[in-house]
Amino acid sequence: ERLRHIPYENLDRSDCASQMGFVFDTPRFANTVPFFRFQRFGGHSDARTESDHKLVVVMVGLPARGKSYIVKKLKRYLSWLGFQTKIFNVGDRRRLAGSIDDYEENKTSKKERQPSRCVMSVSGNGDGNECSGCSNNNSNSNSRAAAANEVTSTTHQPPQSCNRCDTLHSSVFFDPDNKKAKQIREQVAMDVFEDLLRWLQAGGQIAIHDATNSTIERRNALINRLKTEADVNLLFVESICTDKDIINRNIKLKTQSPDYIGIDPEVAEADFRARLRNYERAYRTIGSAEEKFEVQYCKIIDVGKKVIAYNIQGFLESQVVFYLMNMNLEPRVIYITRHGESEDNLTGHIGGDTSLAPNGTRYAAALARFIDRRRLEFASEVEEQNQRLAHFMMGNGSSGNNSELERAASQESNASNSTRYPPESPAMQRHVQPDFEIWTSMLKRTMETAEHFDPERYRIKNIRSLNEIYAGKFEGMTYEEIARNYPEEYEARQLDKFFYRYPGIGGESYADVVLRLQQVIVELERIRHSVLIVTHRAMARTLLSYFMDIPTTHMPEMDLPLEYVYACEPRPFGNFLRVWKYDKQIDDFEEVDSASVLKIRYPKALLPDQATATLLPSPAETAYSSKH
């Protein structure tokens, strides 16, 4: 309580100074930047330190250009840093709006819709505005093929919606000449923007407007609306893609979106390509029209291969642009493991710098063999995935829609700089350049865990930022000793482990650890090859909370025992998690269910009546599904 109420003007007092800098009150982030700080979770109104600076990130770009991929990564990163961040998706609201007739009938009242699982068709059955699942004649495989052929023809267009069920919007709905549909789309986008502003006014910090926003008129409307809001900055982020292979792959993924639930993939793809052509007719890239308003914008070309930034001034905007500059789509795996069992692990002492125990040495040797094997297995998995993707895309005679405006925008900074990806698959390149790095902390137990790796095949780096959280004057003690000798400190840590900072010079909190690992995260996003991180429990918790989008409120309670390897593989819709456990009897690793391994243990002081271990949501619910 004393630390919580230290006023700003007293922060330079000698009794408040420490090796880590000035001691802020516990809800604040451990540095001197006034707007880069954490908020206390749980509604402690007396301790909230909301930033006066708020940011709206408005996405721009054609469909299938990776906007959702960028948005999800950006939200995960900013939330991990402690900023209250939320995505406002216009497509989700559009789907709730229904067809043109439904929207006009329900302008004042919104009702949830459950889209039927049907196949889009324009076969002429009924009145021509019915899906094949609702037509008078039952559809079969032949009629489905006929529907696919008719959608791709130039003489027929799919209906805007089905009169009997609630088929999601077809390509005609996105025709720029369709005035009624255009009015609905513009109104829905502005309605979502109003929700976004209300959320910021209620305490949010960074809001992301996830939509195409591909016309100058739409962007001007957003700019003019934001002029009336004080202390809210605007940043446009445009995603441009000139690589037809990436566009075709994204189009294939779009056929599994909520717009095409239950619809034949061939019909869905033909309709989505028609939607793209409609968008391209009205699409205008960000440029002089926005620059006259002195707005800030950033263009991400081919997922970070080229970045164009204009008028970036704010701190939050700089954080966003810096992060987006370090993205890539290379297949890789981030392996995270704790060091082998150490001498302090046997005695229960925290901190310190002891060597490995005999069990830890055996684990280190098995870990080297396991990574050697997994390295080869992953290269094979990537090649198999590429073969399946190539087979999946075979028969598609049309190339990916590639707007001339996109091609021009990608060349405006350097016409001679080609942004095409090399024709070889990343897995084939991996055989030519078998890069694999091992990162450890500067403490003996992690460096000894990495001693069994061949330095000629692995690049081993010792990084101080990966050191265990520093326990201050509690270094070398057991938790039982802390509870017995410092009961108030022990209880304070149990009640607020994320913000609790160990007393003494250099004592850290989990909030301090997040700041320490920020550059590590950016480097992990930048590198194009796999990495094994051998670190400590607090570091592993913090890293996994970033990759798996686990709230910081759960991070300090994650149960991560020794002798587990957590593998995070970046995928189009998130990071896919696999977990292996070391088995002493066979001296090798066995894969286990990741959903059953990631547990959170709440202190009894917080939840005395609740089970000691509660499962976190399955990573498969937020990560890229393996069946895709």
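Remember, predicted model here, so these are calculated numbers, not experimental data.

K.L.:
Would you mind going over the sheet that holds strand S8 (residues 306-310) with me for this structure?
P.N.:
Backbone-to-backbone hydrogen bonds pair the strands of a sheet. The strands run either parallel or antiparallel. Ordered in space as S4-S5-S3-S6-S7-S8, the 6 strands form an open sheet in which the pairing is mixed. Since the sheet does not close on itself, it has two edges, and those belong to strand S4 (85-89) and S8, each with one partner. Each strand axis lies, on average, 15° off the axis of its neighbour in the sheet, ignoring direction. Strands strand S3 (54-60), strand S5 (206-210) and strand S6 (232-240) of the sheet are contacted by helix H6 (residues 216-226), whose axis makes an angle of about 165° with S6.

K.L.:
Would you mind showing me how to read the sheet that holds strand S9 (residues 334-338) here?
P.N.:
In space, the 7 strands of this open sheet follow the order S11-S10-S12-S9-S14-S15-S16, with mixed pairing throughout. Of all the strands in the sheet, the pair left with one neighbour each is strand S11 (459-462) and strand S16 (588-592). On average, each strand axis in the sheet is inclined to that of its neighbour by 25°, with strand direction left out of account.

K.L.:
Would you explain the nonpolar core in this entry?
P.N.:
Taken as a class, soluble globular proteins show a tendency for nonpolar side chains to be buried jointly. One finds Leu 524, Ile 533, Leu 543 and Tyr 566 to be the most contacted residues of the largest nonpolar core, which totals 70 residues. The dominant element in this core, judged by the number of residues it contributes, is helix H18 (residues 510-526), at 9 residues. Contacts of Ile 533, omitting those with residues within four sequence positions, involve Ile 334, Tyr 335, Ile 336, Thr 337, Trp 439, Leu 466, Leu 524 and Leu 543. Counting residues in each nonpolar core, the second largest holds 36 residues, with Val 56, Leu 196, Leu 200 and Ala 211 among its members.

K.L.:
Help me understand the confidence of the model for the protein, please; the structure alone is not making it clear to me.
P.N.:
Parts of the prediction with low pLDDT should not have their coordinates interpreted in detail. Per-residue pLDDT for the protein averages 77, and the proportion of residues at 70 or more is 69%. Below pLDDT 50 for its whole length, residues 1-50 participates in 95 contacts with residues either more than four positions away or in separate chains. Ignoring residues within four places in sequence, the model shows residues 413-434, a span with pLDDT below 50, making 38 contacts including any to other chains.

K.L.:
Mind showing me how you'd approach the pattern of salt bridges here?
P.N.:
Under the criterion given, the structure shown has 33 salt bridges. With its nearest N and O atoms 3.1 Å apart, the salt bridge here joins Arg 571 to Glu 569. For the residue pair Arg 571 and Glu 569, the accessibility class agrees, reading buried in each case. Residues joined in a network through salt bridges with shared partners are Arg 373, Arg 374, Glu 377, Glu 381, Arg 578, Asp 588 and Glu 591.

Cut-offs and rules
- Residues numbered from 1 in each chain as written.
- Predicted model: local features only at pLDDT ≥ 70, side-chain atom pairs only at ≥ 80, totals over all residues.
- Heavy atoms only, no water.
- Pairing = 2+ DSSP bridges.
- Helix = DSSP H or I, 4+ residues; strand = E, 2+ residues; numbered from the N terminus.
- Axes fitted to C-alpha atoms, helices over the stretch in contact; angles between N-to-C directions.
- Contact = heavy atoms within 4.5 Å.
- Core = buried A, V, L, I, M, F, W, Y, C linked by side-chain atoms within 4.5 Å.
- Buried < 20%, exposed > 50% of the residue type's maximum accessible area, 1.4 Å probe, protein only.
- pLDDT = per-residue confidence, 0-100.
- Salt bridge = Lys/Arg side-chain N within 4 Å of Asp/Glu carboxyl O.

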